[in-house]
Amino acid sequence: MDDMISRTAFVPPAAPAVVPRGNLYRLSRRRSTVAFLFTLPLIIVIVGLVIYPGLYAIYLSLLNKRMTHFIGLGNYAFLFGRETFWMVVEQSAIFAITAVVFKALIGVITSHLVNNLPAKGQRKWRGMLLVPWVIPLSLSTLCWWWLFDPTYSAFNWLLGALGGPHIPWLSDPFWARFCTILVNVWYGSPFFLIMYLAALKSVPEQLYEAAAIDGANGWQKFVHITLPMMRNIIAITVLFSLIVTFANYDIVRVLTSGGPYNTTHIFATWAFNIGIASGDIPLGAAVSFFMFPIMAISAVFILRGVRKRGKEI
Amino acid sequence: MKTTTLSRRKFLRRTALATTAAVALPYMRTSYSAGRLALGVWDHWVPGANDTLTKICNEWGEKNHVDVHIDFITSVGDKDILTASAEAQAHTGHDIMQHRSWQIQVHRNVLEPVDDVIDKLVKEHGPISTISAYLANYEGKWRGVPAVIGSQIKPCCSRIDLYKQHTGVDVTKIFPYGDTRDPALVESWNWDLYLSTAEKLFKAGYPVGLPMGQTSDAIDWVGALFRSYGAVFIDEKDNIKIDSDETRAAIEYARKLMAVNPPDVFAWDDSGNNKWLISGKGSSIMNPPSAWSVAKRDNIKVAEQCWTHDMPRGPKGRFAPYLPFFYGVWSFGSNKSAAKDLVHHIVDKPQAKRQVEASNGYDLPAFKSYYDFDTWKKVEPPLGTVYNYPPRGDEELSIAGYPARPDVASQIYNQSIQTVMIAKVTQGRQKVDDVIKWASGELEGYLRG
């Protein structure tokens, strides 16, 4: 009986023979390698269209006007002494900071409004409010230009019909700056809305309940719960938007081309004017690079705050 | 198994037979055996004008067995300038590229000398305009051939009826259809008369429309104004001469003239003055016949009253703002000799006539001997509307920034320093001395090597 049991007992199959694998095979099977290969097309695009042109532009900015010899930081030193350059710096700062402040404000207000809508209707409102952001910017700016057109402005027609004055939207420096900032705010606010809406939804409801029990009103809840919980998101979106707004080109180019009399020029449009239109490519490259240290310093301060708050949590 | 082998003897015999056949048989020319040419050309405003150039190039291509390919590149958003800049940096692209006025000197180091083409054209058709030479002849070598397509001047285009009714001036009498100009009348058409009529028209509700922005229509007429007052910003020897009585006189005049323009002119782009005239509100602009062409389509009542005529005369002469385009042959091209042949063919008189006709008289060739084309005589309404478009009297062609070195003048032009000065004084209410001081500082910067 024991022999029968032993003869019919399960005998595990022999282990397969181990085939030795090379290093390359092992490398290709690692997760990090697979991940790298999936991201490789994007890396190539970024290297080819962003990093390489950026490095080439740095090289160009160190050459003389005819691009025949190296002059080091001569172009940058030259720009420091130009009145127009400092005007462009001032205008870029006014444009970027004002636009970002308003975008953030509108983002906070509209995100609260949308968040308080019944869940059923929220989706279509979100979709509608995102429309400005999804239309290609130069196309939408062209529509705005028609609305502000010096001869056939729809806004002035409407104002005229209501007995109001004719406003020189694009020919007066104040109004021209107003228009460029307005278009940028219109275009960029949906981004802030979406980010802040997502942040609002991540705030635990129990905090508001606890605050309500303690007798906090709406404003107190906003100041003591909502804002602190959203602070990091606000910081990151402001930083991102500052960088993108500083580097804006389309809006000013289409609406005003930097006029009237250079009062709406920002870095990108002025760099184009000098570099491509006037043929001084090294100086144009130097102008466009001035954005980099300004943005880098802002990024350091803002991200330091984010990291600090992250550590506290 | 049977095998075949090729012996040395068989190989030599077959090779000899093949070579003999190749030499002895008549040479069968295949299509496009002379190669391929790619052109990058400005996309014309006037509908149909592109088709004429395509036909001209295809005809030449068929005759010379060259495969010609044309890309029409718009100037909207400066795409033509961007394309040329990219090709110049990358050393690859079209064989022939059309360039706007200043771009020849920008790309002079990568453009093939075309003195042979120019010499041939000058021998056949007479001298080329001074401004074309100023813009395309660099260090004694021509780097571009003046094109017909796109080349333009921006003289006055005035409403006959409004001038007669509100100012008593008949522009068709001063600049008639035909060679019957009265020198005294022509002499009377100066900036003072222009201003006095502009004031009357402003009061009547039909202002002249002169852009004062930072686009080429504004820069061009203001450049002609400064030149007609004798104002020189930088001379040919790099001396800054902006701080002069002539500059102040021109600015003071502009201050008075801008007061009788619509307030929005500071924001007009290159379509602003066209729209102003076509709307029926404008009495005069300074533009090529494109505004009249569009008015013919959209507002025939306005078109019937349009008359193109000379610029006003200043203390130092009468200057017409001129913007020539050029064909350049890239030095890195692979078929340069065919490219030069094609350029010569396109610019030659019979082909030029066809291009001028297709553009309704908009395109202005660089050779005075071409001004006898009948297009300018026959387009209407009214008959003779663009007869005075080619300079027929004492008008001298000019470009803002002249006579500074082209690489400096291009910055005076493209940075729109002249219009910015006038805008700062008029709209910005800044002092003339302060504005001249600011401009002087800018000009110093343009002189950097």
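Below is a short write-up of the structure. For clarity, every value in this text was computed on a predicted model and none was experimentally measured.

The rules behind each value
Residues numbered from 1 in each chain as written. Chains lettered and ligands numbered in written order. Predicted model: local features only at pLDDT ≥ 70, side-chain atom pairs only at ≥ 80, totals over all residues. Heavy atoms only, no water. Helix = DSSP H or I, 4+ residues; strand = E, 2+ residues; numbered from the N terminus. Buried < 20%, exposed > 50% of the residue type's maximum accessible area, 1.4 Å probe, protein only. Contact = heavy atoms within 4.5 Å. Lys, Arg positive; Asp, Glu negative; His and termini not counted. Charge placed at Lys NZ, Arg CZ, Asp CG, Glu CD. Rg over C-alpha atoms; globule rule 2.2 N^0.38 Å. Areas by Shrake-Rupley, 256 points an atom, 1.4 Å probe, with all protein chains shown as cover. Pairing = 2+ DSSP bridges. Expected span 1.5 Å × (residues − 1). Arc of directions from axis to C-beta. Buried area = accessible area lost by both parts, 1.4 Å probe. Salt bridge = Lys/Arg side-chain N within 4 Å of Asp/Glu carboxyl O. Right-handed = clockwise from strand over helix to strand, strands pointing away. 1 Å grid on protein atoms, 1.4 Å probe; cavity = no way out; pocket = protein on both sides within 12 Å on 5 of 7 lines; lining within 4 Å. Points joined across faces, edges and corners; volume = space filled by probe spheres on them.

Moving on, we come to the overall build of chain B. A tally of helices and strands in chain B yields 21 helices and 13 strands. If you line up chain B on its principal axes, its C-alpha atoms span 105 × 50 × 40 Å. Of all 449 residues assigned to chain B, the portion counted as buried reaches 58%. Put simply, of all contacts in chain B between residues at least 6 apart along the chain, 76% involve residues at least 24 apart. Here chain B holds 53 positive side-chain charges and 53 negative ones, and the gap between their average locations is 7 Å.

What follows concerns the overall build of chain A. Counting its regular elements, chain A contains 15 helices and zero strands. Relative to the compact-globule value of 20 Å for 313 residues, chain A shows a C-alpha radius of gyration of 29 Å, a clear excess of over 25%. Counting the 313 residues in chain A, one finds 39% classified as buried. Taking contacts inside chain A between residues at least 6 apart in sequence as the whole, the part at least 24 apart equals 67%. For chain A, the computed accessible surface area is about 18,500 Å², with 72% contributed by carbon and sulfur atoms. If you average the places of the 24 positive and of the 12 negative side-chain charges in chain A, the two averages end up 6 Å apart.

The subject of this paragraph is unusual backbone geometry. Residue and element names in this part refer to chain B. With an omega dihedral of 5 degrees, the bond running from Glu380 to Pro381 counts as a cis peptide bond. Locating Pro381 in the fold gives a position in the loop between helix H18 (375-378) and strand S13 (396-398). Look at the link from Tyr402 to Pro403: it is a cis peptide, with omega at 10 degrees. Within the secondary structure, Pro403 is located in the loop between S13 and helix H19 (406-414). Of note, the phi angle at Asn360 is positive, near 60 degrees, even though the residue is not glycine. Counting through the fold element by element, Asn360 comes out in the loop between helix H17 (349-358) and H18. Overall, the relative accessible area of 24% leaves Asn360 in the partly exposed class.

A few words on the sheet that holds strand S12 (residues 326-329) of chain B. Residues and elements named next belong to chain B. The five strands are arranged S2-S1-S3-S12-S6 in an open sheet whose pairing can be described as mixed. Strand pairing shows two members of the sheet lacking a second neighbour, strand S2 (67-73) and strand S6 (145-146), which therefore form its edges. Strand direction decides the pairing type here: strand S1 (residues 36-42) and strand S3 (residues 96-99), joined by two bridges, are parallel. Along S3, the bridge assignment pairs Leu39 with Ile96.

Note that an α-helix has 3.6 residues per turn; residues three or four places apart therefore point the same way. All names here are of chain A. Relative to the 16 Å expected for twelve residues at 1.5 Å per residue, helix H7 (residues 137-148) spans 16 Å between its end C-alpha atoms, a close match to the ideal helical length. Within H7, the full set of buried residues consists of Leu137, Ser140, Thr141, Trp144, Trp145 and Phe148. All buried residues of H7 fall inside an arc of 150 degrees around its axis, so they share one side. Away from the buried face of H7 by more than 90 degrees, exposed residues Leu139 and Trp146 are located.

Attention shifts here to the pairing of strand S8 (residues 156-159) of chain B. Residues and elements named next belong to chain B. A two-sided burial pattern is seen for S8, the buried positions comprising Cys156 and Ser158 on one face and Cys157 and Arg159 on the other. The pairing of S8 with strand S9 (residues 284-286) spans three bridges and is classified as antiparallel. Across the sheet, residue Cys156 finds its bridge partner in S9, namely Met286. Sheet analysis places S8 next to strand S10 (residues 306-309), joined by four bridges and oriented antiparallel. From the neighbouring strand, Cys156 faces S10, where its bridge partner is His309.

Facing 41 residues of chain A, the contacting portion of chain B comprises 40 residues. Summing both partners gives a buried area of about 3,300 Å² for chain A against chain B, and 45% of it is carried by carbon and sulfur. Of all residues in chain A, Lys65, Arg66 and Tyr261 of chain A bury the most surface against chain B, accounting for 21% of the area lost on that side. At the surface where chain A touches chain B, the tally comes to five salt bridges. The residue Asp280 of chain A makes a salt bridge to Arg448 of chain B at a minimum N-O spacing of 3.8 Å. If you list the elements that add at least two residues to the side of chain A that touches chain B, you get helix H4 (74-80), helix H5 (83-115), helix H13 (267-277) and helix H14 (281-289) of chain A.

Turning to the pairing of S1 of chain B, a few remarks are in order. All names here are of chain B. For S1, the buried fraction is high: six of the seven residues fall into the buried class. Pairing geometry for S1 and S2, over seven bridges, is parallel. When the bridges of S2 are listed, Leu39 appears paired with Ile70. Handedness of the S1-helix H2 (residues 49-64)-S2 crossover: right-handed.

On inspection of all chains with the given rule, the structure shows six cavities of 30 Å³ or more. By volume, the largest cavity amounts to about 120 Å³. Those elements that place two or more of their residues in the lining of the largest cavity are H4 and H13 of chain A together with helix H21 (432-446) of chain B. Here the element with the most residues in the lining of the largest cavity is H21 of chain B; it accounts for three residues.

Note that every value here comes from positions in space, so none of it alone points to a role or purpose.
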